[in-house]
Amino acid sequence: MNIIFMGPPGAGKGTQAERIVQQFNIPHISTGDAFRAAMSQETALGLEAKKYVNQGLLVPDEITIGIVNERLKQNDCAEGFLLDGFPRTISQADALATILAQDGKQISFVINLKVNRNLLLDRLTGRRICKSCGATFHLVFNPTTVPGVCDKCSGELYQRADDTVEKVGTRLDEYEKWTSPLLEYYSAKGTLKEVNGELEIEVVTKQIDEILRGPAE
Ligand code: ADP
Ligand code: AMP
């Protein structure tokens with residue numbers, strides 16, 4: 001099953017992806033995670049990506065498409081994958097379709113997590129991520145048992161540099177300008193499924209699960 005999670009920054013894509021990939025045993029491919037890993041290792045890619053990521057701007061298409069192209073060639077993607085945060089532009093979506101078509105594949109589902117813009121600021125500024133395992137939490141909406149300590153691996157939590165009030169505005173504007181047209185793009189292809197991302201985390205997971213598994217007999 002080849003899945004795309006769409007939705008604005010803070011919609012819950014990463015949170016739901018962590019849960020869904022366990023159930024379907026497919027890799028979670030997050031371009032944002034890939035850029036952050038390259039940035040922390042200070043690779044050439046990381047230094048280039050940093051110019052855009054830290055301003056809340058999209059990284060240029062050719063760089064981003066190259067990363068996904070390489071990642072999708074790996075063996076663990078043979079039986080399916082979950083893309084989180086890619087594609088974010090029409091050019092990226094066209095490139096993805098071409099990459100998949102070369103292997104006779106296509107996208108099975110595009111899940112759009114719908115969340116009102118006024119909820120996103122609180123979600124993003126309160127987001128905390130584990131330095132060790134990458135798990136996502138929230139100070140209020142999904143707190144850890146011990147503040148600052150990951151529930152899953154006891155790692156230390158940190159706040160993303162782009163999860164500040166100033167950067168969030170730019171990121172949401174980038175989403176509206178470049179990414180929201182993809183909803184029409186995938187709707188026209190018949191692969192788009194809308195999910196209410198404002199509900200509780202478990203409820204959202206259940207809705208996605210039902211879409212991916214199809215209606216119960
Ligand atoms: P995205 O990957 O779409 O940017 P995340 O999954 O990182 O979004 O979620 C953003 C923040 O909102 C995180 O702190 C997460 O814990 C929290 N969150 C995710 N889903 C929900 C939800 N359904 N209700 C409340 N908070 C949520
Ligand atoms: P995310 O973790 O998905 O919120 O992404 C964090 C940042 O990485 C974004 O604000 C962009 O700067 C960059 N990024 C992630 N995915 C893409 C993409 N598909 N295209 C361009 N930039 C991206």
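Residues numbered from 1 in each chain as written. Chains lettered and ligands numbered in written order. Predicted model: local features only at pLDDT ≥ 70, side-chain atom pairs only at ≥ 80, totals over all residues. Heavy atoms only, no water.

Participant: I'd love a proper account of the sheet that holds strand β2 (residues 28-30), names of residues and values included.
Facilitator: Within the open sheet, the 5 strands sit side by side as β2-β3-β1-β4-β8. Their pairing is parallel. Here the strands that pair on one side only, and so sit at the sheet edges, are β2 and β8 (192-196). For this sheet, the mean inter-axis angle between neighbouring strands, taken without regard to orientation, is 25 degrees. For strand β1 (residues 2-6) and strand β4 (residues 109-114), the ladder comprises 4 bridges, and the chain directions are parallel. Considered in β4, the bridge of phenylalanine 5 is made with isoleucine 111. Across the sheet, helix α8 (residues 181-189) touches β1, β4 and β8, and the angle it forms with β1 is around 145 degrees. (Pairing = 2+ DSSP bridges. Helix = DSSP H or I, 4+ residues; strand = E, 2+ residues; numbered from the N terminus. Axes fitted to C-alpha atoms, helices over the stretch in contact; angles between N-to-C directions. Contact = heavy atoms within 4.5 Å.)

Participant: Got a sec to walk through the sheet that holds strand β6 (residues 136-138)? Specific residues and values, please.
Facilitator: Spatial strand order, β6-β5-β7: 3 strands in an open sheet with antiparallel pairing. One side of each edge strand has no neighbouring strand; the edge strands of this open sheet are β6 and β7 (157-158). One ladder, built from 3 bridges, connects strand β5 (residues 127-130) with β6; its direction is antiparallel. Looking across to β6, one finds that arginine 128 is bridged to phenylalanine 137. The sheet contacts of helix α6 (residues 117-125) involve β5 and β6, and relative to β5 the element is tilted by about 40 degrees.

Participant: So what's going on with α8? Which residues, and what values?
Facilitator: For α8, the complete set of buried residues consists of Leu182, Leu183, Tyr185 and Tyr186. Taken end-on, α8 shows its buried residues confined to a sector of 160 degrees, consistent with a single buried face. Structural note: α8 exposes Glu184 and Ala188 on the side pointing more than 90 degrees away from its buried face. In this structure, the buried residues of α8 make contact with β1, α5 (90-102), β4, α7 (165-179) and β8. (Buried < 20%, exposed > 50% of the residue type's maximum accessible area, 1.4 Å probe, protein only. Arc of directions from axis to C-beta.)

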